[in-house]
Amino acid sequence: HLVCPMNTSPLVDPSKPSHEIWEEFSQSFTPAVREVVDFARQIPGFQELSQHDQVSLLKAGTFEVLMVRFASLFDVKERTVTFLSGRRYSVEVLRSMGAGELLTSMFDFSEKLMALQLSPEETSLFTAVVLVSADRTGIEDVSSVEALQENLIRALRNLIMRNHSNESAIFTKLLLKLPDLRSLNNMHSEELLAFKVHP
Ligand code: HEM
C-alpha cells in the first residue's frame, strides 16, 4: 500500500518493482509540486531572494503549501479522503492499509482550516506566508526572508480585516496554523522516510 492522497490510489500491485511504484507515484504528484514552484515565483519579492534560499524554502515548505491547497481532499463529514485520481476512500479502508495518527491529525487540521471559509485570494496569500515561514535551517539571508514574511503577513492581515470587518480572530487563527503545519510536515517526513526504507 501507498496511503498518500498524492498517489492515484492507495493500492499498489505487489508484483511491481519498488522503483516503478515510486516512478508512478512521482508522475502523480509532480504536477502539484510544479504548481507550488510556479506559485512561489509569483510571490512579490520571492525571486529577489538568492537562488539558494528560494530552493531551501521550497524544499522545506512545499508539503505545507500542498497541505493547505489540498485540505479539501479530507472530507470530515463523510470521513473519506479523495486521492489525486479523484477516487475516494473511507478512513476505515485507509486505516486497514496502515494509515495512522498522521491521517487523523490531517483531518483535524483540514476541518479547522475549512471552517474559516477563506476566499481564494485569502488562501493564496496565506499560502505565501506558509512558504516564506518554512524551516529556516540553512537559509543564507535570514533577514531578507523575515522582511518578505513581514510584508506578506501585513498584507494578509489587511485583506482579512477588509473582508471580515471585526474578525481579527481569523487572522490569529491562521497564524496559529503555522506550527500545526510544521508538525504535520515533520510527521509526514517520517512516513516518507520510512516508506523509502521499507517500501
Ligand atoms: C503518507 C509521500 C504530500 C498526505 C505518505 C507516504 C509517502 C508520502 C511515501 C507513506 C506511504 C505509506 O507508508 O503507505 C508524499 C510525497 C509528497 C506528499 C512525496 C509530496 C508531493 C502529501 C500531501 C498530503 C499527504 C500534500 C496531504 C494533503 C499523506 C497521508 C499519508 C501520507 C494522509 C498517510 C498518513 C498515515 O499513515 O497516517 N506520503 N506525500 N502527502 N501522505 Fe504524503
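Residues numbered from 1 in each chain as written. Predicted model: local features only at pLDDT ≥ 70, side-chain atom pairs only at ≥ 80, totals over all residues. Heavy atoms only, no water.

Chemist: Quick one: what's the story with the site of the ligand, residue by residue and with numbers?
Modeler: Taken together, 25 residues form the shell around the ligand, and within it V3, C4, G100, L103 and H188 come nearest. At a separation of 3.0 Å, an oxygen atom of the ligand approaches a polar backbone atom of V3. The separation between a nitrogen atom of the ligand and a polar side-chain atom of H188 is 2.8 Å. For the shell around the ligand, the secondary structure elements donating two or more residues are α1 (18–41), α2 (51–69), α4 (101–115) and α7 (168–197). (Near = heavy atom within 4 Å. Polar contact = N/O pair within 3.5 Å; in protein donor to acceptor, adjacent residues only side chain to side chain. Helix = DSSP H or I, 4+ residues; strand = E, 2+ residues; numbered from the N terminus.)

Chemist: Hey, could you go over the sheet that holds strand β1 (residues 74–75) for me, with residue numbers and the actual values?
Modeler: The three strands are arranged β1-β2-β3 in an open sheet whose pairing can be described as antiparallel. A single partner strand is all that each edge strand has here, and the edge strands are β1 and β3 (88–90). The sheet contact formed by strand β2 (residues 80–82) and β3 spans three bridges and is antiparallel. Among the inter-strand pairings, T82 is bridged to a residue of β3, identified as R88. (Pairing = 2+ DSSP bridges.)

Chemist: So what's going on with the side chain of E64? Residues and values would help.
Modeler: For E64, the location among the structural elements is in helix α2. Sequence-distant contacts of E64, defined by excluding residues within four places in its chain, comprise V130, L181, R182 and N185. (Contact = heavy atoms within 4.5 Å.)

Chemist: Kindly report on the packing of helix α6 (residues 142–163) against α7, identifying the contributing residues and their values.
Modeler: Where α6 contacts α7, the axes come no closer than 8 Å and their chain directions differ by 145 degrees. As for how α6 packs across α7, the hand of that crossing is right-handed. Where α6 abuts α7, its residues I153, L156, R157, I160 and M161 lie against S168, I170, F171, L174 and L175. In terms of residue class, the contact of α6 with α7 is built from eight nonpolar, one polar and one charged. (Axes fitted to C-alpha atoms, helices over the stretch in contact; angles between N-to-C directions. Left-handed = near helix turned anticlockwise from the far one by under 90°. Nonpolar A, V, L, I, M, F, W, Y, C, P; charged D, E, K, R; others polar.)

Chemist: An account of the coordination of the iron atom of the ligand is needed here, citing residue identities and associated values.
Modeler: Coordination sphere of the iron atom of the ligand, protein contribution only: C4 (SG) and H188 (NE2), at 2.0 to 2.3 Å. One can describe the donor arrangement at the iron atom of the ligand as octahedral, given that its six donor atoms subtend angles of 86 to 179 degrees at the metal. Linking C4 in the segment before α1 with H188 in helix α7, this pair joins segments that are 184 residues apart in sequence. The same class applies to C4 as to H188, namely buried. (Donors = N, O, S within 2.8 Å, 3.2 Å for Na, K, Ca; no water. Tetrahedral: all angles 85-135°; square planar, octahedral: opposite > 155°, others 65-115°. Buried < 20%, exposed > 50% of the residue type's maximum accessible area, 1.4 Å probe, protein only.)

Chemist: Summarise the environment of H1; cite the residues concerned and give the values.
Modeler: For H1, the location among the structural elements is in the segment before α1. In this view, H1 contacts P10, L11, V12, M97 and F195; residues no more than four positions away in its chain are not counted.

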